[in-house]
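Structural features, examined
Spelled out from the first residue to the last, the chains are:
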Amino acid sequence: MANKVQAGLHITGMLKKAEQLEAPDFEVGLVSMDDLIHHEIGIHPYAIAETAKLDESKQETVIARVGEQDAPAEWYVTTLTGLLIKAAKKCEGQPLKVKLSGADSYSRKSLLGSELEADEVNPLIGLRGVSRFADRSHRKAFELECEVIKRARNAEGMTNIELVVPFVRTCSEAATVIDLLAEQGLCRGMNGLKVNLLCELPANALLAEKFLPYFDGMVIDIDQLGQFALGLDQDHSTLNYLHDDQNEAIQLLLKQALSAAEASNKPCDVVSHYIRQAPKLQKWLQDLGIKTVVSQ
């Protein structure tokens, strides 16, 4: 039954690399800015925003990667903007949901210049998502990411680009990120801009009815929700046996989030890395009215 999909359930993909856009049958369900930065840029956003803080050798490496014609920041923005425009066109007017960067600091260690980001004792629950956007040390990188979105939306009428905000711990942070985006010219509602919540924390699901007034919709990441609900490190192979998207606690959180979205009459997408290998989960989601799932 592995890798089979229940009839009536549509599977879309997560855009992580430029090469995916070349596949005629690839349907974009969600864009991961973290993955595009990792695969297509390969340089830490802090090293792009403040290249002069790198040692001389690494500065030369950045310049070699960028080319002498562009400043690192302009190259970064232009490269990512081009990918979003291409993806938005591929959607043919349908919403293109772009998940802003939210990866933990440990997962960014392989990027050139990662030493500019402070080490953390517990990166998984450290400075990430809205708390990082609001932090002064991250401000220049956040401004560059917002510039990418603005340019992509302004190009050729690509107003179908929407935002998905990761790691929103509290309703206060929900209000904060809306303000931070507005300061960068990305005002929710202006020119049709929609801002969605990434429901990946148990708090997001449990208090979904309180989070949703700040957003235009929600995207539920089942894998991340399960990771935090069960205290499970998904990258720890010894713990693989514990992974279960059909765990009762995860299902209760999913139901609560989906019910809140339905009650508020706001769209809700679902993301699952393991959906193709989980026929029972597919059936369970269909029974709850889910017709499309984004597969990582």
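A short tour of the structure in this document, coming up. Please read these numbers as outputs of a predicted model, since none were measured by experiment. (Residues numbered from 1 in each chain as written. Predicted model: local features only at pLDDT ≥ 70, side-chain atom pairs only at ≥ 80, totals over all residues. Heavy atoms only, no water.)

Side chains that are three or four residues apart share a direction in an α-helix, a result of its 3.6 residues per turn. Of the positions making up helix H12 (residues 279–287), those classed as buried are Pro-279, Leu-281, Gln-282, Trp-284 and Leu-285. The secondary structure elements touched by the buried residues of H12 are helix H10 (222–230), helix H11 (248–263), strand E7 (268–271) and strand E8 (292–295). Following H12 by one or two positions, Gly-289 adopts a phi angle in the positive range, close to 95°. (Buried < 20%, exposed > 50% of the residue type's maximum accessible area, 1.4 Å probe, protein only. Helix = DSSP H or I, 4+ residues; strand = E, 2+ residues; numbered from the N terminus. Contact = heavy atoms within 4.5 Å.)

Let's shift gears to the sheet that holds strand E3 (residues 96–99). Sheet architecture is closed into a barrel: eight strands sit in the order E1-E2-E3-E4-E5-E6-E7-E8, paired in parallel fashion. Strand-to-strand, the axes of this sheet are offset by a mean angle of 30°, without reference to chain direction. Note that E3 and strand E4 (residues 161–165) share four bridges and pair parallel. Pairing of Lys-97 across the sheet is with Glu-162, part of E4. (Pairing = 2+ DSSP bridges. Axes fitted to C-alpha atoms, helices over the stretch in contact; angles between N-to-C directions.)

So, on to the pairing of E3. Residues Leu-96 and Val-98 line one face of E3 and the alternating positions Lys-97 and Lys-99 line the opposite face, and both faces are buried. The sheet contact formed by strand E2 (residues 28–32) and E3 spans two bridges and is parallel. From the neighbouring strand, Val-31 faces E3, where its bridge partner is Val-98.

Worth remembering: the numbers are spatial, not functional.
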